[in-house]
Amino acid sequence: MKRDASGAGFFRAPRRRAGCGKWAGVLYALGLSGWVSAVWAQPAFPGAVGAGAGARGGRGGDVYYVTNLADYVSSSDPRRFGTLRYGIASATGPRTIVFAVSGTITLSNDLPVNKSYLTIAGQTAPGEGITLRRRSLVIRDARDVVVRYLRVRTGDMDPTFQGDAVSVLRATNVVLDHLSASWSVDECLSVTHSTQVTVQNCWITESLNVSQHDKGAHGYGSLLRYGAGVLTFHGNLYAHHNSRNPRLGDRLRLEFVNNVVYNWGSRAGYSGADYGDNPGGFTNWLGYAGNVLVAGPSTRTPTTAFQGGDTNTWIFQSGNWLDANRNGRLDGSDTGWGMFGGAYTRLNEWPWPWEVPVSDPGAAFLRVVTRGGASLARDAVDLRILGTLREQDGRLVDAVGEPAQAGDYEVRNVDGTDLVFVRGWPDLQVGEAPVDTDRDGMPDFWELAMGLNPTDARDRNLAGPEGYTALEDYLNWRAGWHRICPRNGYIEIDLDELVQGWPGLSYQVESGTNGSVELLEGGRRVRFVAARGYSGLASFGVTVSDPASGWTAGPETVAVLVSVTNAPNHAPVWEDVPVQEILAGGTLELALRASDPDLPAQRLRFALVGETWGASVEADSGLLRWRAPVALGGTTVELAAVVTDDGEPSLSSTQMVTVVVQPVPRPTLRFVRDTDGGWVLSVQGVSGPDYLLQVSEDLKSWRDVTWTNPVAWPWIWKETDATSAPARFYRIRLGP
Ligand SMILES: [Ca+2]
Ligand SMILES: [Ca+2]
Ligand SMILES: [Ca+2]
Ligand SMILES: [Ca+2]
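What counts, and at which threshold
- The numbers attached to residues start from 1 for each chain and follow its sequence in the written order.
- Chains carry letters from A onward and ligands carry numbers from 1 onward, assigned in written order.
- The predicted nature of this model means local features are confined to residues of pLDDT at least 70 and side-chain atom pairs, given and counted, to a pLDDT of 80 or more, with totals for whole chains, interfaces and linings taken over all residues.
- For helices the rule is a DSSP run of H or I covering at least 4 residues; for strands it is a run of E covering at least 2, with both sets numbered from the N terminus onward.
- Here the globule rule reads 2.2 Å times residues to the power 0.38, and the radius of gyration is calculated from C-alpha atoms.
- Contact between residues is assigned whenever the C-beta positions, reconstructed from backbone atoms, fall within 7 Å.
- The split of the chain into domains comes from an automatic or database domain assignment.
- Gly counts as polar in this scheme, as do all residues outside two lists: the nonpolar Ala, Val, Leu, Ile, Met, Phe, Trp, Tyr, Cys and Pro, and the charged Asp, Glu, Lys and Arg.
- At least two DSSP bridges between two strands are needed for those strands to be called paired.
- In this scheme every C-beta is placed from the backbone, and a residue whose C-beta has 20 or more other C-beta atoms within 10 Å is buried, one with 12 or fewer is exposed, and one in between is partly exposed.

A closer look at the overall build of the chain
Then, in step 1: Looking only at helices and strands, the chain features 7 helices and 50 strands.
Then, in step 2: The C-alpha atoms of the chain give a radius of gyration of 39 Å, which is well past the 27 Å a tight globule of 736 residues would have.
Then, in step 3: If one aligns the C-alpha atoms of the chain with their principal axes, the spans along those axes are about 145 × 60 × 50 Å.
Then, in step 4: Residue pairs in contact within the chain that sit at least 24 positions apart in sequence constitute 68% of those at least 6 positions apart.

Overview of the domain arrangement of the chain
Then, in step 1: Domain annotation for the chain reports domain 1 (49-56 + 129-422), domain 2 (481-566), domain 3 (573-662) and domain 4 (668-735).
Then, in step 2: The partner domain 3 presents 4 residues to the 7 residues of domain 2 that form the contact.
Then, in step 3: In terms of residue class, the side of domain 2 that touches domain 3 is made up of 4 nonpolar, 2 polar and 1 charged.

Let's talk about the pairing of strand β42 (residues 623-627)
Then, in step 1: Strand direction decides the pairing type here: strand β38 (residues 587-591) and β42, joined by 5 bridges, are antiparallel. Looking at the pairing, L590 lines up with L624 of β42.
Then, in step 2: Sheet analysis places strand β41 (residues 616-617) next to β42, joined by 2 bridges and oriented antiparallel. Bridging across to β42, V617 finds its partner in L624.
Then, in step 3: Here β41 hands over to β42 after 5 residues, with G622 in that stretch at a positive phi of 80°.

Some details on the sheet that holds strand β26 (residues 399-400)
Then, in step 1: With respect to topology, 3 strands assemble into an open sheet ordered β26-β28-β27, the strand pairing being mixed. Looking along the sheet, the strands with just one partner apiece sit at the ends: β26 and β27 (409-414).
Then, in step 2: In the sheet, β26 pairs with strand β28 (residues 417-422) via 2 bridges, with the strands oriented parallel. When the bridges of β28 are listed, A399 appears paired with F421.

Concerning unusual backbone geometry
Then, in step 1: A cis amide bond links G554 to the next residue, P555, at an omega of 5°.
Then, in step 2: Inspection of the secondary structure assignment puts P555 in strand β35 (residues 551-566).
Then, in step 3: Cis rather than trans, the peptide bond between E648 and P649 has omega equal to -5°.
Then, in step 4: With respect to the helices and strands, the residue P649 is situated in the loop between β43 (635-644) and β44 (652-662).
Then, in step 5: A positive phi angle, near 60°, is found at R244, a position not held by glycine.
Then, in step 6: If you trace the backbone, R244 turns up in the loop between β16 (237-239) and β17 (247-249).
Then, in step 7: A tally of 27 C-beta atoms within 10 Å means that R244 is categorised as buried.

Below is the structure:
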């Protein structure tokens, strides 16, 4: 990763040391010795790759909230406050721009991102996010800029407009991530005179072909030229451009990895000879790996991925995949150098270490369709374009029509030319931004779950365990697949909804941290159960596979914030206990059973309350034991059992156990002569009660002789007392 030590003066020294929760008690500041090396090694965000990955953006700086969708022209316009444009224009140091609104911003003029150390965090917008239209987003004359999750669909609203949807011009250390750019009059997304720029996970689609460009038909993808730069294009989708997917030239080194190019027209990618601009020519380096090219209905050069302009284009290629046959199925192959045409010089090795991960084309394709573009909430345009890739249809477009036009495309004759009007800007679903009391960019729910202070804005720049600030950790959570789960609770996610618009995938899930997951029946829903008593960040993984192509991608992380708000607890539910019948003196053993509907599973404890008649229950197993006193024979007893969960707060349910105690029949006693002439007492009774034998000589005072609990009848007892008495009486008492 390239680094440049200048510019650190923007960062203020820490004014305060704050310690709270899991956050280091150090304010994030680049000027501190000891922090500097760690800070510089930090990618812009987890998953930032390639030449621009080291862009610092607004790390450690202030926070600006976009609170309206207006725009302005004059710098003294009182309506400027809260606009996106003013958020950039008013930055005086590192700044992160976050969004409290969603919807479409109609730009009054090009929007220059001409301040260094700036992050535009489109992923913070609620609802269906932010779309810019009418004019370009231009990152220019700046360094260390991070822009994520914006749509830029310029169109032809302004008849004087000649520009790109997104341009990077004379900039260094830039990451553009998850942008959806379309309907440009010039290229859709271009990088010129710049270096250390990464464009990743972007959907670069539907440049307007026969539009209002002075040079005529100009439906192009990306112009990448000038400046001795190093550029990385990783995981992007190019769709429905006549050409320049991309156009490379003039002393550039381009890593073009894991991109998908669909339905190009006259050319996919190419480089120029460059001799026109520079008689000596320049050397351009193209590392072309793991890309997927799918020819479409507009494609006129279906077997060529890249056309070299001259031998000064040096190309390394590996693991690309091209499907030229337009049969509606993904059944291409790696045609190696066969997909490269024109003049160029082959490289058998890329002369530099790859700055990006290179995955196989199938995984790259699935990642592009399931995660790419401004995909937190795909708008109708991206969903339509995704549909064209799925169905292998769609076409080049020339103009932007009404949102209400009947078809996706309408051919209208304008001044003798048939033009394809694509259905225009959709209304975006407006969402409500979460409450952020201290306006530090982190909503209260996040701060509470992460142990931060929702009434102290300074904690946004505390350094977290991974080296990102507290604010960045929030931005990073928002920027991927993410969900909120209540504490001591669970969530279920429809995986088809998660991937938005590519049905028919199959899924595997795997547990990550601080919770567990399982795929529910049918394989399309996943249930995440938070670890008991935990609040904070948790995660699990999802792997997607396309049965048709056999391609697999993942696991991708789904980041789950377990909030501090407990899931509502539900009381345990008893299983019915039928009326029990027992003989007095006998023992009742009954397994009490209850379940608890809550997840994660709670522990149940059983007990008896009120008059227990000597009964007891094992707290954990619920085993009720009761020896019914003989005295209760002939009565019905109600035992009150209670089961209690350990939720927060814990809840109980009570169940009455009805026991009908049958009376014990009187035993019969009989003395019989024993063979030796003595006497034997023979007792006939029922099993259950204790039998206590007592003897008396005066029917007043009774003496215990023995007690037993016979199981076999008759019970025999032999009188061995040889003493003589005038009379002896025997009796049996039953107990207990
Ligand atoms: Ca095919
Ligand atoms: Ca806050
Ligand atoms: Ca705070
Ligand atoms: Ca419960």
